[in-house]
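If you want the building blocks of each chain, they are given just below.
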Amino acid sequence: MTNRQITTASWAGNLPDNLSYLAPTQFELLVKKLPNTKYFATGVNVPSVSVAETISATSLGASVKLPGDKITFGELTISFIVDENMENWTEL
């Protein structure tokens, strides 16, 4: 007979005390430094990413564009609802 272990999961420790079930458009956002905004986010944009280019001259007199070494990220904008204890507001 094989020894089987049953794995159980408990999500009760991950939920905030004051869930708002009247806002079905909220989604879960996980940021380690912002744990109190986990269930109160209403919108997040994907920031832009751009790489600078370097122009290099060739021996034939033409110029060639090469990818540069600096990456620039756009702004990350997060919209969230402030909870009733203002915990997510104060941690920002």
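A few points on the structure. (Residues numbered from 1 in each chain as written. Predicted model: local features only at pLDDT ≥ 70, side-chain atom pairs only at ≥ 80, totals over all residues. Heavy atoms only, no water.)

**Some thoughts on the overall build of the protein**
Working step 1: Each helix and strand in the protein was counted, giving one helix and four strands.
Working step 2: Mapped in sequence order, the helices and strands of the protein form the string β-β-β-β-α.
Working step 3: By residue count, 12% of the 92 residues in the protein fall in the buried class.
Working step 4: Contacts in the protein between residues at least 24 apart in sequence constitute 44% of all its contacts with a sequence separation of at least 6. (Helix = DSSP H or I, 4+ residues; strand = E, 2+ residues; numbered from the N terminus. Buried < 20%, exposed > 50% of the residue type's maximum accessible area, 1.4 Å probe, protein only. Contact = heavy atoms within 4.5 Å.)

**What to know about the pattern of salt bridges**
Working step 1: Considering all chains together, one arrives at one salt bridge under this definition.
Working step 2: The closest approach of N and O atoms between Glu 53 and Lys 65, which form a salt bridge, is 3.9 Å. Taken as a pair, Glu 53 in strand E2 (residues 49-57) and Lys 65 in strand E3 (residues 63-73) lie far apart in primary sequence, twelve residues in all. Lys 65 carries the same exposure label as Glu 53, and that label is exposed. (Salt bridge = Lys/Arg side-chain N within 4 Å of Asp/Glu carboxyl O.)

**A few points about unusual backbone geometry**
Working step 1: Phi at Met 86 is positive, roughly 55°, even though this residue is not glycine.
Working step 2: Mapped onto the fold, Met 86 is located in the loop between strand E4 (78-80) and helix H1 (87-91).
Working step 3: Judged by its relative accessible area of 41%, Met 86 is partly exposed.

**Quick look at the environment of Ser 50**
Working step 1: The topology assignment puts Ser 50 in strand E2.
Working step 2: In sequence terms Ser 50 and Thr 72 are 22 residues apart; their C-alpha atoms lie 5.2 Å from each other.
Working step 3: The contacts of Ser 50, once residues within four sequence positions are left out, are Lys 70, Ile 71 and Thr 72.

**Some thoughts on the pairing of E3**
Working step 1: The buried fraction of E3 is low, at zero of eleven residues.
Working step 2: Here E2 pairs with E3 via eight bridges, running antiparallel. Paired with Ala 57 across the bridge in E3 is Ser 63.
Working step 3: Following E2, the chain reverses through five residues before pairing antiparallel with E3; Gly 61 in that reversal takes a positive phi of roughly 95°. (Pairing = 2+ DSSP bridges.)

**Observations concerning the environment of Val 46**
Working step 1: With respect to the element layout, Val 46 can be found in the loop between strand E1 (41-44) and E2.
Working step 2: The exposure class of Val 46 is exposed, given its relative accessible area of 77%.
Working step 3: Sequence spacing of Val 46 and Ile 78 is 32 residues, and the spatial spacing of their C-alpha atoms is 9.7 Å.

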